[in-house]
Structure formats: structure tokens, C-alpha cells
Amino acid sequence: MDDILRDELNKPTVFKDEEPLQFEYVPDELPEREEELRKLVRVFRDVIEKRVGSTQSALITGKVGTGKTVLSKKFGKMIEDKKGFDYVHINCRRYNTAALAITQVLRNYDEKFPERGYSVEEMLRSLFNMLKVRDKYLFLALDEIDFLVGKSGPEILYNLSRISDDSVGDFKNRISIIYISRDTSFKNKLDESTKSTLRDNLIDLSQYNKSELISILNQRVKLAFNPGTVSDNSVELIGDIASEWGDARFSIELLWKAGKKADSEAEERVTPEHVRWAKAETHPEIREEILEDLSKNHLFVLLAISRLLKGTEKAYVTTGEVKEHYKMVCEEYKEKARGHTQFWHYLKEMGNLGVIDSSISGEGERGTTTMISLPDIPAKMLEEKIERYLQSK
Ligand SMILES: Nc1ncnc2c1ncn2[C@@H]1O[C@H](COP(=O)(O)OP(=O)(O)OP(=O)(O)O)[C@@H](O)[C@H]1O
Ligand SMILES: [Mg+2]
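Since the model is a prediction, treat every value here as computed from it, not as a measurement. (Residues numbered from 1 in each chain as written. Chains lettered and ligands numbered in written order. Predicted model: local features only at pLDDT ≥ 70, side-chain atom pairs only at ≥ 80, totals over all residues.)

**Q** Please clarify how the nonpolar core should be interpreted in this entry.
**A** One broad rule of soluble globular proteins: the nonpolar side chains tend to lie buried together. Ranked by size, the top nonpolar core spans 41 residues in total, and within it Cys92, Ala101, Ile102, Leu140, Leu142 and Ile178 carry the most contacts. Ranked by residues supplied to this core, first place goes to strand β3 (residues 137-143) with 6 residues. Not counting residues within four places of it along the chain, the set of residues in contact with isoleucine 102 comprises Val120, Met123, Leu124 and Leu127. One finds Ile216, Phe250, Ile252 and Trp256 within the second-largest nonpolar core, a separate group that totals 27 residues. (Core = buried A, V, L, I, M, F, W, Y, C linked by C-beta atoms within 7 Å. Buried ≥ 20, exposed ≤ 12 C-beta atoms within 10 Å, placed from the backbone. Helix = DSSP H or I, 4+ residues; strand = E, 2+ residues; numbered from the N terminus. Contact = placed C-beta atoms within 7 Å.)

Laid out in C-alpha cells, this is it:
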């Protein structure tokens, strides 16, 4: 066995450091987004220069992989270098109720802040106190805010708008909010008082074209690969493929996988053939990280859909069929199937995520038939991916 270890570790690799290829990585510079970063700074100029609270908020929108999250985090890094400012980034897909999200913010100040026992109102008050005691101003990024709104309803918006409103009396104006959403019309979902804090601080990120993707990729090549191991042709091809989606994440994933393929074949350079191979096994719609964010029951439903679609010539399945099959999957995994309302919820959420295609209307109405299909991904591939994933849990 020792031989295997030694042998593998001795093999050459195209990678210098794989970390910059991880999705969470925030590079020092953001190619092609400098103007947007500048705009974000301008929106909050007063807060930064005068150390006052903000009556303004910002909204970043854009499709998948257009750099919304990284733009906000980059701003956060810059701001945290200045004394007296904190930046907290909350993913509202994961923390999708007001209580969960705010608990998460509080944990940045008090690791042991309890999950239960306080109302949202009380938690907000605690937060203001903590900021006041430390004399800090907070930039709070609420990423994928749609999920929070979807689950907690409009009250949370009202509460949030009060954070930067003067109605909290003595504690006013220590928090500035950056909303992040894929939905360009998200502004319309905000209540009037929250909307007014946005003014025209809207930053809409367009999908990347080929040349933009190439400059993003070149940065990662420099950071993550040994010099001379990735040919320009390969980068060019990735840019070409990914430009169909305009998605930087997909392009970085292709780059990483192509590198892995080159290593596995013990080749010294990443070639277009490795890229083509990477493309064949990557589907931008279904990513590992998306599976990670889904609950076990979501995955059971998704598994049911892929099994049904795999076995037929049909492009669609009905919700009725899916529900029956979902029960079978639950039995197989020895879990109790959830009820009708929950089941609808799972479908709806996965529809929102773009994991499935459907046109579900209404809230779990009985008797409604909706056709469900998968985006451009083979059902069999998805099935295998979920099974493997569930096994690894
Ligand atoms: N201009 C850029 N420069 C460098 N890296 C970028 C740039 N834009 C995006 N990226 C990288 O591409 C990946 C996707 O970006 P990001 O996560 O910010 O997308 P997003 O718009 O938040 O997507 P989603 O809607 O899926 O959340 C990340 O790894 C990010 O670091
Ligand atoms: Mg994001």
C-alpha cells in the first residue's frame, strides 16, 4: 500500500495550487467587474468616509455565475481592511428564515448565540447592541434573498428595512444592506420603505461573453496551474463552450476538471481534448454544490424524477407519477415520505433553483397536474450522481 501512496505522490501534476479553483475562492482582482465594484463603493461612499449609518442599500442582480457573490465578497474584503467596518455574508438559501439568518449574523459576534429562545425583534436589538459596544458599522450581504422572502414572507422585508431605518431609535443606522438576487425584477418584491432605500443603487451583471470568460480563466490559470501547463487553445475552447451560458463558475469548473483529466492521464499539458472530456461530464445545471444544498427529501424527489425519465421515451413526467415514485424511493432508503404540501414545496424550490423544469402554479392544490422535466442533463447521469451522493452521506 505504501507503494501506491509513494507512486501517486511522485506523479507530476499540472496544478500548483488547486485552492483558487474552488468556488468560494475570492481572488484579489475581479477581471471584467471593476466598474461594478467601483459603483458599489460609490453607493456606500458616505458610510465609508463619514462612518455614519446608511439609509441606502444596494441590489446586485444577474444570472447564474455572473459574479454576484464574488463581487459582494470582494467589496467585503476591501471594507474589512478599514477600521470600524464589518462585512457579513449570509446565504439565504441555507438560512432561509429571518430567525436563522439573523442568528447567523449574531454568531459572528457571539459564537454561542442560541438558535432558539429569542424573537427576531430581540435578535435585531442584540445585534445593534453588539455593534454599538464595538463601535462597528456592518455591511450585511443577503445572498439569494429570494429564498428568505419566499419562506419568511414580506414581514422579514419590513424588519430588514427597519434595520436601516430610524425607527430603531438610538441604535439606528449601523447596518447597510446588500441584497443579492438572480431575479432582475426583485426590487418589485420589496415593500415601499425598503424599496426607497434602494434608490437607483441597482447593479445588474450581464452574462459573460467569450473574451470576458477568457480573462477570468487566465487569472485562474496563473494562480492554480504550473507555468506552461495550460495551452491558450484550451482556455479559448473553455471560453467558447461556457459563453453559451455566460457562466464563470461553469468555466472554472471545466478548467479544473480538464486539469484533473490531464493529471489522471499523466500528461504534462492540459489540451483541448481534456476540455472536451470535461465538458462531456459536466452539466452546468446540476452541480455538486446544488446537491449539497438540497435536503434528503429534495434528493429523493429528484431521484424519483430521474428514474422515471430514464425509463421512458417521454420528455415529461406528471407530478402524480413523481409522487408515487417518490414514496418508493423513500421506502428504499427507509425514510418516511413527506405529505402532499411538503412534496409540492420540494418541486417548487427545485424549479426555482433551475434543477428541474416545470410550470407549477398554485400552492399544492390537489388535482393539479404539472409536467416536469429535466434541463439539458441525461436522467441516467443525474440518477447516478444522486445515488452516489446519498451513499456518501
Ligand atoms: N469577474 C470575475 N473575476 C474572477 N472570478 C469571477 C468573476 N466573476 C465570477 N467569478 C468566479 O466565478 C464563480 C461564480 O461566481 P459567483 O459565485 O459570484 O456567481 P453568482 O452570480 O453569485 O452565481 P449564482 O447565481 O449561481 O449564485 C466564482 O468562483 C467566482 O469567483
Ligand atoms: Mg452566488
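**Q** Explanation requested: the sheet that holds strand β2 (residues 85-91) in the structure shown.
**A** Note: strands within a sheet are paired through backbone hydrogen bonds, in either parallel or antiparallel orientation. The parallel open sheet is built from 5 strands, whose spatial order is β2-β3-β4-β1-β5. Both edges of this open sheet fall to β2 and β5 (202-205), since each of them pairs with a single strand only. Taking each pair of neighbouring strands and ignoring which way they run, the sheet shows an average axis angle of 15 degrees. Direction of pairing for strand β1 (residues 57-62) relative to β5: parallel, over a ladder of 4 bridges. Bridging across to β5, leucine 59 finds its partner in leucine 202. Lying on the sheet, helix α4 (residues 68-80) is in contact with β1, β2, β3, β4 (175-181) and β5; it crosses β2 at an angle near 160 degrees. (Pairing = 2+ DSSP bridges. Axes fitted to C-alpha atoms, helices over the stretch in contact; angles between N-to-C directions.)

**Q** Sorry, what's going on with the site of ligand 1 here?
**A** As a structural note, the neighbourhood of ligand 1 is formed by 20 residues, with Gly67, Lys68, Thr69, Val70 and Ala248 the closest of them. At the level of secondary structure, the elements contributing two or more residues to the shell around ligand 1 comprise α4, α10 (210-224) and α12 (248-264). Residue contributions to the shell around ligand 1 reach at least three from each of two domains, namely domain 1 (34-205) and domain 2 (208-280). (Near = placed C-beta within 6 Å. Domains from an automatic or database assignment.)

**Q** Help me understand the sheet that holds strand β6 (residues 317-318), please; the structure alone is not making it clear to me.
**A** Spatially, 3 strands are ordered β6-β8-β7 in an open sheet, and the strand pairing comes out antiparallel. Either end of the sheet is taken by a strand with one partner, and the two such strands are β6 and β7 (357-358). Relative to strand β8 (residues 371-373), β7 is paired through 2 bridges, and the arrangement is antiparallel. Looking across to β8, one finds that serine 358 is bridged to isoleucine 372.

**Q** I keep staring at the packing of helix α2 (residues 34-43) against α4 and nothing clicks. Help me out?
**A** Packed helix pairs are specified by the crossing angle of their axes together with the interaxial distance, meaning the distance between the axes. Where α2 contacts α4, the two axes come as close as 10 Å, and the packing angle between them is 55 degrees. The angle between α2 and α4 places the two elements in the oblique class. Note that α2 runs across α4; the crossing there is right-handed. Across from Glu36, Leu37 and Leu40 in α2, the residues of α4 making contact are Leu71, Lys74 and Phe75. (Parallel < 35°, antiparallel > 145°, perpendicular 65-115°, else oblique. Left-handed = near helix turned anticlockwise from the far one by under 90°.)

**Q** What exactly am I supposed to notice about the packing of helix α5 (residues 98-107) against helix α6 (residues 120-134) here?
**A** The contact between α5 and α6 brings their axes to 10 Å, and the two run at 20 degrees. Here α5 lies roughly parallel to α6, going by the angle between them. In the crossing of α5 with α6, the sense of the turn from one axis to the other is left-handed. Residue-level contacts link Ala98, Ala99, Ile102, Thr103, Val105 and Leu106 of α5 to Val120, Met123, Leu124, Ser126 and Leu127 of α6. Its residues placed into classes, the contact of α5 with α6 shows 9 nonpolar, 2 polar and no charged. (Nonpolar A, V, L, I, M, F, W, Y, C, P; charged D, E, K, R; others polar.)

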